[in-house]
Amino acid sequence: MKGFKEFLMRGNVVSLAVAVIVGTAFTAVVTAFSKLIMSIIGLVFGEPNFDGLNIGPVNIGVFITAVINFLLIAAVVYFLIVKPMAMLEARKPKPADEPVPPTTEELLTQIRDLLAKDG
């Protein structure tokens, strides 16, 4: 039981749970936005759903609707998540370069010089 509790309390499990919950809520927002845009497309083209569009015997409307929904979702994710996060990362101060530790040869040279100085 102790191991299971430790597993659950690790940061990555809790973070994953939060991500799933936020992702689910965000899905509802993106779906609503997609429906809004499809309604606007419907005003322009006469119908917000292209599922009935056929070219001869081939129904390409389902594919067109799926591509439009994908592009809308990708745009929302990019402009509401990716781009703002990139801007925040760019504002974050860069860490100072860590000093490079001396090589073994440099350390041996320092020891030799100290021994020569003392002797």
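Residues numbered from 1 in each chain as written. Predicted model: local features only at pLDDT ≥ 70, side-chain atom pairs only at ≥ 80, totals over all residues. Heavy atoms only, no water.

S.K.: Please clarify how the overall build of the protein should be interpreted in this entry.
M.R.: Secondary structure summary: the protein contains four helices and two strands in total. If you list the helices and strands of the protein from N to C, you get α-α-β-β-α-α. Since a compact globule built from 119 residues should have a radius of gyration of about 14 Å, the 29 Å found for the protein marks it as more spread out than a globular shape. Split into buried and exposed, the 119 residues of the protein put 9% on the buried side. Of the contacts made within the protein by residues no fewer than 6 positions apart, 39% connect residues no fewer than 24 positions apart. Looking at the protein as shown, the accessible area adds up to about 10,100 Å², and 72% of this sits on carbon and sulfur atoms. Both charge centroids of the protein, one from 10 positive and one from 10 negative side chains, sit 10 Å from each other. (Helix = DSSP H or I, 4+ residues; strand = E, 2+ residues; numbered from the N terminus. Rg over C-alpha atoms; globule rule 2.2 N^0.38 Å. Buried < 20%, exposed > 50% of the residue type's maximum accessible area, 1.4 Å probe, protein only. Contact = heavy atoms within 4.5 Å. Areas by Shrake-Rupley, 256 points an atom, 1.4 Å probe, with all protein chains shown as cover. Lys, Arg positive; Asp, Glu negative; His and termini not counted. Charge placed at Lys NZ, Arg CZ, Asp CG, Glu CD.)

S.K.: Is there a simple way to think about the confidence of the model for the protein in this case?
M.R.: Note that predicted coordinates carrying low pLDDT should not be read in detail. Of all residues in the protein, 96% have pLDDT values of 70 or greater, and the mean over the chain is 82. The least confident element of the protein is helix H1 (residues 2-9), whose mean pLDDT is 75; the most confident is helix H4 (residues 104-118), at 91. (pLDDT = per-residue confidence, 0-100.)

S.K.: I would appreciate a short explanation of the pattern of salt bridges in the present structure.
M.R.: Oppositely charged side chains can pair when the atoms bearing their charge come close. In this structure the tally under the stated criterion is two salt bridges. A salt bridge links Lys 92 to Glu 89, with the shortest nitrogen-to-oxygen separation between them at 3.2 Å. A relative accessible area of 46% places Lys 92 in the partly exposed class. Take Glu 89: its relative accessible area is 43%, and that puts it in the partly exposed class. As a salt-bridge pair, Asp 113 and Arg 112 come within 3.1 Å of each other at their nearest N and O atoms. (Salt bridge = Lys/Arg side-chain N within 4 Å of Asp/Glu carboxyl O.)

S.K.: What should I look at first to understand the nonpolar core in this one?
M.R.: The tendency in soluble globular proteins is for nonpolar side chains to be buried as a group. Met 38, Ile 41, Phe 50, Ile 68 and Leu 72 together form the largest nonpolar core, which totals five residues. Going through the elements one at a time, helix H2 (11-45) and helix H3 (61-91) are the ones with two or more residues in this core. (Core = buried A, V, L, I, M, F, W, Y, C linked by side-chain atoms within 4.5 Å.)

S.K.: I'm lost on the side chain of Thr 65 in this one. Help?
M.R.: Within the secondary structure, Thr 65 is located in helix H3. Every residue in contact with Thr 65, bar those within four places of it in the chain, is listed here: Met 38, Asn 49, Phe 50 and Asp 51.

S.K.: Help me understand H3, please; the structure alone is not making it clear to me.
M.R.: Every α-helix carries 3.6 residues per turn, so stepping three or four residues along brings you back to the same face. Counted at 1.5 Å a residue, the expected span for H3 with its 31 residues is 45 Å, and the 44 Å between its end C-alpha atoms agrees. Tyr 78 marks where H3 bends most, by close to 40°. Within the span of H3, buried status applies to Gly 61, Thr 65, Ile 68, Leu 72 and Val 76. (Expected span 1.5 Å × (residues − 1). Bend = angle between axes of the 7 residues up to and from the residue.)

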